[in-house]
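Given next are the chains, with one letter for each unit.
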Amino acid sequence: MLPVPEKRLNLLLEALSSLKTPEECAAFLEDACTIKEIQDIAQRLEVASLLSAKLSYQEISKETGASTATISRVNRCLTYGRNGYRIVLDRMNEQNKYRQAPNEMQQMR
């Protein structure tokens, strides 16, 4: 599990799972995180999507501005992690809210 005290982690997990709309999620993220933290999380999600679409590190770096270290870290999570990115990407694809194509990722920026 995460290196966070259990009580604090449970509070955060309950808070995240209570959010029901993208607007609620945005409001919580804006209150809880810095702009840089939100940008970093969004970039990592974009990298995960592009890795899932089998783009090369060079293509992903060019498309997202992410360093190869960030791309490598996300790739490790996709390969050996707890499937967090996969769960999110799969659910977003199921809901037809997200496509794993570079041109559409560009429009999200």
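So, how was this worked out
Residues numbered from 1 in each chain as written. Predicted model: local features only at pLDDT ≥ 70, side-chain atom pairs only at ≥ 80, totals over all residues. Heavy atoms only, no water. Helix = DSSP H or I, 4+ residues; strand = E, 2+ residues; numbered from the N terminus. Contact = heavy atoms within 4.5 Å. Core = buried A, V, L, I, M, F, W, Y, C linked by side-chain atoms within 4.5 Å. Buried < 20%, exposed > 50% of the residue type's maximum accessible area, 1.4 Å probe, protein only.

(A) Highlighting the environment of Gln43. Here Gln43 is to be found in helix 3 (residues 35–52). As for Gln43 and Thr64, which are separated by 21 residues in sequence, their C-alpha atoms are 6.8 Å apart. Aside from chain neighbours lying at most four places away, what touches Gln43 is Thr64, Gly65, Ala66 and Thr70.

(B) View of the nonpolar core. Formed by Val47, Ala48, Leu50, Leu51, Leu55, Ile60, Ala66, Ile71, Val74, Leu78, Tyr85 and Leu89, the largest nonpolar core amounts to twelve residues. The set of elements that each furnish at least two residues to this core consists of helix 3, helix 5 (68–80) and helix 6 (84–94). Among the elements that make up this core, the one with the highest residue count is helix 3 (four residues). Sequence-distant contacts of Leu78, that is, excluding residues within four places in its chain, are made with Ala48, Leu51, Ser52, Tyr85 and Arg86.

All quantities given are derived from atomic positions and should not be read as evidence of function.
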